[in-house]
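Now for the letters of each chain:
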Amino acid sequence: MPLSRSLSMTSLNGLPQWEDEDLPVEDLLLFEVSWEVTNKVGGIYTVIQTKAKITVDEWGENFFMVGPYYDHNVKTQVELCEPPNPAIKKAMDALRSNGCQVYFGRWLIEGSPYVVLFDIGAAAWNLDRWKGEFWDAAGIGLPFHDREANDSLLFGSLTAWFFKELTDQFQGTPSIIAHFHEWQAGAGLILCRSRKLPLATIFTTHATLLGRYLCAGNADFYNNLDKFNVDKEAGERQIYHRYCMERAAVHCAHVFTTVSQITAIEADHMLKRKPDVVTPNGLNVKKFSAMHEFQNLHSTNKVRLQEFVRGHFYGHLDFNLEKTLFFFIAGRYEFMNKGADIFLESLSRLNFLLRVHKRDVTVVVFFIMPAKTNNFNVETLKGQAIRKQLWDTAHSVKEKFGKKLYDALLKGEIPDMNKILDRDDFTIMKRAIYGTQRQSLPPVTTHNMLDDSTDPILSNIRRIGLFNSRTDRVKVIFHPEFLSSTSPLLPMDYEEFVRGCHLGVFPSYYEPWGYTPGECTVMGIPSVTTNLSGFGCFMQEHVADPAAYGIYILDRRFRSADESCNQLTQFMFGFCQQSRRQRVIQRNRTERLSDLLDWRYLGRYYMHARHLTLSRAFPDKFKMDPTAPPQTEGFRFPRPSSVPPSPSASVHSTPHHSDEERYDEEEEAKKDRQNIKGPFTGGEVPHGEYGSGELQH
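Computed from a predicted model, the values in this text were never measured in an experiment.

Caption draft 1: Just the overall build of the protein chain, in detail. Across its full length, the protein chain carries 22 helices and 17 strands. Here the analysis covers contacts within the protein chain between residues at least 6 apart in sequence; of these, 75% occur between residues at least 24 apart. Accessible area for the protein chain stands at about 29,900 Å²; split by element, carbon and sulfur atoms hold 51% of it.

Structural data, given as structure tokens:
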């Protein structure tokens, strides 16, 4: 079959090629099975969508994705076509002849992978029979009222049936790899293994099912990992059947993977199997041809945010917008899991520090978390209308002023400034100023909340007293909807908004990976993450001094909540003390870390998992050195050669040269590229002017 071979691992600056032999993909078929293929539910959709391009580049037309058919998704995301592989067409026809509906096409995303989609509803008449078969195969019974579990069984049964029809035709050649994501696809893996189909299987958990439920219930999760009675906890939450499906899939798979080291520890305790490979989540990183183009985008989008703030705080705009920093937190509205609780407490302490130290910096903090609302807040919409009216008034006066000035200069006269504006102009301006007066404080939320009195964010804002008063140096804006460029209030999409901010704050307690700080990094925006998030653990492992690169890692694993609040407060206060030049330097460093998060680099972990599963499923055909797991230790971004952009601890009484004058962007970027070592080469960071002490774990 034709293969697209455009992938080049060496195209990444400084990242060495993985020294493992290539798989003979011409003699293999790769299927990736997930409930979120063409069907966005959560973060797994982002993983499989962004990874598709590098997988297609490697596997060409031998790569297929398997998911559920939903008419509204297929109409907008899939171009239906006939399968080019006759064996797949025959397998699909076999299912169709037995009353099932199967669709084939190209998913209209980057890479345009082939997709096989099963209509779950059309096969529902088989549910009782398939429940019986699943009980016979795995001893797991599903209650009739759990629709999600029943749908996942229908999906899994159709997947296993499809693979049975396919493998019966091949008789061992080509070999098939089936990669299943999350418990919703787990039933298919269990059935394939119980029927002894000749498949090499991989199962990836992006977060354990029980872990999610325990953390949602505010359990002291990480301190009690080894103490939980997992069967009892799953039973009490009425998810024991789901938990059994996930655990059975984990133990049936030839290779078990998860997305981060912290989730690997969780999976070992919750699912009783250590992952064979950790497969971190990546992004498709698009580099600008001009090095500082992302800095220009920051400036452009920051101006748009400043315009919104001018309208929101009309009548109370007594702070300097040029000395105003924009912080934000975004994601699902999980108040404790996403760390919004300690973020709010830290903001209260930051507000106190900025007032006590009489800093002229103001911090505007955005909470972008969707909650139940019934409409925009009238006061917020009024603020934007008043801002626009003021802008129009200023422009009309400016045009009259300009015309009179132009006429006077043509006559060779210097105009009389007392006469250039007439009484009407002053009246218009006085009306505009009068229109900006307000008796109330600027609103904390941009929408009318349905559960205003019990909403956790608003309740905590009332507790700490951050009401956007004139004396507050920290202002809060809660935007309980995802951002959209078509919004009449804040017409920016998420990427534009992030680029306009100065710092993303994500102090999560439960975050198996964490795409939000990763997206910040790729856009060159510094962020706060934690050592309980997969992203934070990954950066601690790969970067010698994360804070110097704009990745502040909060310790939530070995510190109390109060100590974590103090640490977060110090991170934010230190950031507020930076000069504009120091922030520019830090953004340059942050953006350079984006190579580490590129799928062209992180896709190697998936390659390794596929090689490993083939060697276990077909040991006679595929060999692999069992002593050569991917090494993730031994390579790190070094500490920057210039001093990290943190403010001086004391004020110098004599003129001195600032440390930041030593900074050379080109030179530092070159050194960083030289000092990255690939995870599969196990190389050490070369000792040079950085010194061995700075590179210790």
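Caption draft 2: Geometry of the nonpolar core. Within the largest apolar cluster, 76 residues are counted, with the highest numbers of intra-cluster contacts made by F31, F162, F163 and F221. Not counting residues up to four positions away in its chain, the partners in contact with F31 are F64, V66, I88, F162, F163, L166, I176, I177, A178 and H179. With 64 residues, the next largest nonpolar core counts F308, F326, I461 and I464 among its residues.

Caption draft 3: View of the pairing of strand β14 (residues 474-479). With six of six residues buried, β14 lies mostly within the body of the structure. A two-sided burial pattern is seen for β14, the buried positions comprising V474, V476 and F478 on one face and K475, I477 and H479 on the other. As paired strands, strand β11 (residues 362-368) and β14 are joined by six bridges and run parallel to one another. Directly across from F367, in β14, lies its bridge partner F478.

Caption draft 4: Inspection of the packing of aromatic side chains at higher detail. Summed over the entire model, instances satisfying the criterion amount to 35 aromatic pairs. Consider the rings of F31 and F64, whose centres lie 5.2 Å apart with planes at 20°: the pair is stacked. Of this pair, F31 sits in strand β1 (residues 28-33) while F64 sits in strand β2 (residues 63-68); the two residues are 33 residues apart in sequence, bridging distant segments of the chain. Each of the two residues, F31 as well as F64, counts as buried. Summarising the aromatic geometry, the rings of F162 and F163 are spaced 5.8 Å apart at their centres and angled 55° between planes, so their arrangement reads as tilted. Take F162: its relative accessible area is 0%, and that puts it in the buried class. These aromatic residues form a ring-pair network of at least three members: F31, W35, F64, Y70, F104, Y114, F118, F155, F162, F163 and F180. Here the guanidinium or amino end of R438 rests over the ring plane of Y314, the centre of that ring lying 4.0 Å away.

Caption draft 5: Seen up close, the environment of F352. Tracing the backbone through its elements, the reader meets F352 in helix α12 (residues 340-356). Here the alpha-carbon distance between F352 and R473, two residues 121 residues apart in the chain, equals 8.2 Å.

Caption draft 6: Representation of α12 in the model. The terminal C-alpha atoms of α12, which comprises 17 residues, lie 24 Å apart, in line with the 24 Å expected from a rise of 1.5 Å per residue. For α12, the buried fraction is high: twelve of the 17 residues fall into the buried class. Of the residues making up α12, those classed as buried are A340, D341, I342, F343, L344, E345, S346, L347, L350, N351, L353 and L354. The positive-phi residue at the C-terminal boundary of α12 is K358, with phi of around 50°.

Caption draft 7: Summary view of the pairing of β1. Burial analysis of β1 places six of its six residues in the buried class, the great majority of the element. Burial of the side chains of β1 extends over both faces: L28, L30 and E32 are buried on one face and L29, F31 and V33 on the other. With four bridges connecting them, β1 and β2 associate as parallel partners. Its bridge partner lying in β2, E32 is registered against M65. With helix α1 (residues 43-59) bridging β1 and its parallel neighbour β2, the resulting β-α-β unit is right-handed.

Caption draft 8: Broad picture of the sheet that holds β14. One open sheet holds the six strands; their spatial order is β14-β11-β10-β15-β16-β17, and the pairing between them is parallel. Strand pairing shows two members of the sheet lacking a second neighbour, β14 and β17 (551-554), which therefore form its edges. Direction aside, neighbouring strands of the sheet carry axes that sit 25° apart on average. Bridge count between strand β10 (residues 324-330) and β11: seven bridges; the pairing is parallel.

Caption draft 9: Focus on the side chain of R556. In this structure, R556 sits in the loop between β17 and α19 (561-576). Within the buried set, R556 has no salt-bridge partner at all; the shortest N-O distance to an opposite charge, 4.6 Å, is to D341. Setting aside anything within four residues of it in sequence, one finds R556 in contact with M336, G339, I342, P507, S508, Y509, T530, N531, L532 and S564.

Caption draft 10: Representation of the packing of helix α4 (residues 127-138) against helix α6 (residues 186-194) within the structure. One way to put it is that α4 packs onto α6 with a least axis distance of 10 Å and a crossing angle of 65°. The handedness of the crossing between α4 and α6 comes out as left-handed. Touching F134, A137 and A138 of α4 are A187, I190, L191 and S194, all from α6. Of the residues in the contact of α4 with α6, the class split is six nonpolar, one polar and no charged.

Caption draft 11: Region of interest: the side chain of E36. Tracing the backbone shows E36 in the loop between β1 and α1. The buried charged residue E36 lacks any salt bridge, with R212 as its nearest oppositely charged partner at 7.5 Å. There is a polar contact of 3.0 Å between the side chain of E36 and the backbone nitrogen of Y45. Every residue in contact with E36, bar those within four places of it in the chain, is listed here: V41, G42, G43, I44, Y45, I48 and W107.

Caption draft 12: Geometry of α6. Where burial is concerned, most of α6 is hidden: seven out of the nine residues are buried. Residues of α6 that are buried include every one of G186, A187, G188, L189, I190, L191 and C192, and no others. Of the surrounding secondary structure, the elements contacted by the buried residues of α6 are α4, α5 (147-170), β6 (175-181), β7 (199-205) and α9 (240-252). Where α6 terminates, the next one or two residues include K196, which has phi positive at roughly 55°.

Each value, and the rule that gives it
Residues numbered from 1 in each chain as written. Predicted model: local features only at pLDDT ≥ 70, side-chain atom pairs only at ≥ 80, totals over all residues. Heavy atoms only, no water. Helix = DSSP H or I, 4+ residues; strand = E, 2+ residues; numbered from the N terminus. Contact = heavy atoms within 4.5 Å. Areas by Shrake-Rupley, 256 points an atom, 1.4 Å probe, with all protein chains shown as cover. Core = buried A, V, L, I, M, F, W, Y, C linked by side-chain atoms within 4.5 Å. Buried < 20%, exposed > 50% of the residue type's maximum accessible area, 1.4 Å probe, protein only. Pairing = 2+ DSSP bridges. Phe/Tyr/Trp six-rings, centres within 6.5 Å; stacked < 30°, edge-to-face > 60°. Lys NZ or Arg CZ within 6 Å of the ring centre and 35° of its normal. Expected span 1.5 Å × (residues − 1). Right-handed = clockwise from strand over helix to strand, strands pointing away. Axes fitted to C-alpha atoms, helices over the stretch in contact; angles between N-to-C directions. Lys, Arg positive; Asp, Glu negative; His and termini not counted. Salt bridge = Lys/Arg side-chain N within 4 Å of Asp/Glu carboxyl O. Left-handed = near helix turned anticlockwise from the far one by under 90°. Nonpolar A, V, L, I, M, F, W, Y, C, P; charged D, E, K, R; others polar. Polar contact = N/O pair within 3.5 Å; in protein donor to acceptor, adjacent residues only side chain to side chain.

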